[in-house]
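Working through the structure, step by step
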Amino acid sequence: MPTLSVLGTTLHHRESGDPEGLPFVFLHGNPTSSHLWRNVLPAVAAPGRRLLAPDLIGMGDSGRPDLAYSFDDHARHLDAWFDALGLTEAVLVGHDWGGTLAFDRAARLPDRVRGLAFTETIVKPLYGDEFPPAGRQLFELLRTPGVGEEMVLEKSLFVEGLPATLATTLDPADLEVYRRAFPTPRSRRPVLEWARMMPLDGEPADVVARIEHFDAWLATSPEVPKLLVAFEPGPGAMTDRGAVAWCEENIAGLEVSHNGLAGHHSPEDRPGELAAAINAWADHHGLARA
């Protein structure tokens, strides 16, 4: 699988499909990697589509530079990866923070996005009871100095907790792929920083500002087709009926595909249904290159 030199480090990605096709870029979230899309990419393959899935910086098989691993760090490295590959236009598909990065890039570079598809993604800042009490308590603990380090860096909470966020069973070999990317406490720093970026009650301010910026764009860009692939909420899921309703009311040009039970990591639980929804949407909008 290709590895590119980007901003003094390396970004790894997997690639398949038509090399001359319209790029479809699949962005993972926390704490996964391009491995998340292994069962989705083959099912989305079609003439005129080039399929790419990068590992975000500090994750998967990408480099581990000495960074703060801020949202801006991830966005800058992702931008540089697009430029290194000469991807002047793309359909963006995102899960979790990968969807948030896709929204951010689309709002900053709208002439370079042909479509947006997302599932189980952070779409807005969260205030008050918009975030479940149990989840709020967890993320407040993760922000507590020393406590978050113990939970994520030492005990690898997010990676070891992956099976609990699924409605199906994760093959031990697949869990081992995710584990292998974070063998030491130091290597897990990006996982902790992502967790601390959850936009709760206006903090962190820099992340909230970026989300508010792309929310304004999402509300006023009906010319860009958008797809929310929603599931009946299972373990750890964040896209409940209220979240779907918010998206329908606030995202222009949005279509919603409703599917069966899935936990937060829906590409693990329902790769076939996710791919089918993307295929139908992409075919409807002619998202391919002849």
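Every residue gets a number counted from 1 within its own chain, in the order that chain's sequence is written. Side-chain atom pairs in this predicted model are given and counted only at pLDDT of 80 or more, local residue features only at pLDDT of at least 70, and totals for whole chains, interfaces and linings cover all residues. Just so you know, side-chain values use all the structure's heavy atoms and leave hydrogens and water out.

**Things to note about the side chain of D104**
As a reminder, the rule being used: Under the scheme used here, helices are H or I runs from DSSP no shorter than 4 residues and strands are E runs no shorter than 2 residues, and both carry numbers assigned from the N terminus. Definition of a polar contact: a pair of N or O atoms within 3.5 Å, with one able to donate and the other able to accept a hydrogen when the atoms are protein atoms, and with sequence-neighbouring residues admitted only if both atoms are side-chain atoms.
The topology assignment puts D104 in helix α3 (residues 97–108). One polar contact links D104 to R108, side chain to side chain, over a distance of 2.9 Å.

**Considerations on unusual backbone geometry**
Each neighbour pair has its own omega, and for N30 with P31 the value is 5°, a cis peptide bond. As for its position among the elements, P31 is in the loop between β3 (22–27) and α1 (41–44). Despite not being glycine, E120 has its phi angle at roughly 50°, a positive value. With respect to the secondary-structure elements, E120 resides in strand β6 (residues 113–121). A positive phi angle, close to 50°, is found at D201, a residue other than glycine. Examined against the element boundaries, D201 turns out to sit in the loop between α8 (189–196) and α9 (205–218).

**Quick word on the pattern of salt bridges**
Put simply, the rule is: Counted as salt bridges are all cases of a side-chain nitrogen of Lys or Arg within 4 Å of a carboxyl oxygen of Asp or Glu. Residue burial is assigned from relative accessible area. The probe radius is 1.4 Å, only protein chains are included, and a residue is buried under 20% of its type maximum, exposed over 50%, and partly exposed in between.
Within the structure shown, the criterion is met by 24 salt bridges. A salt bridge links D83 to R112, with the nearest nitrogen and oxygen atoms 3.3 Å apart. With D83 in helix α2 (residues 71–85) and R112 in the loop between α3 and β6, this residue pair connects regions lying 29 residues apart in the sequence. We classify R112 as partly exposed; its relative accessible area is 21%. Note that K155 and E150 form a salt bridge whose closest N and O atoms lie 4.0 Å from each other. Classification of K155 by relative accessible area gives exposed; the value is 56%. Bridged by salt links that share partners, the residues D72, D73, R76, D79, D104, R105, R108 and R210 form one connected network.

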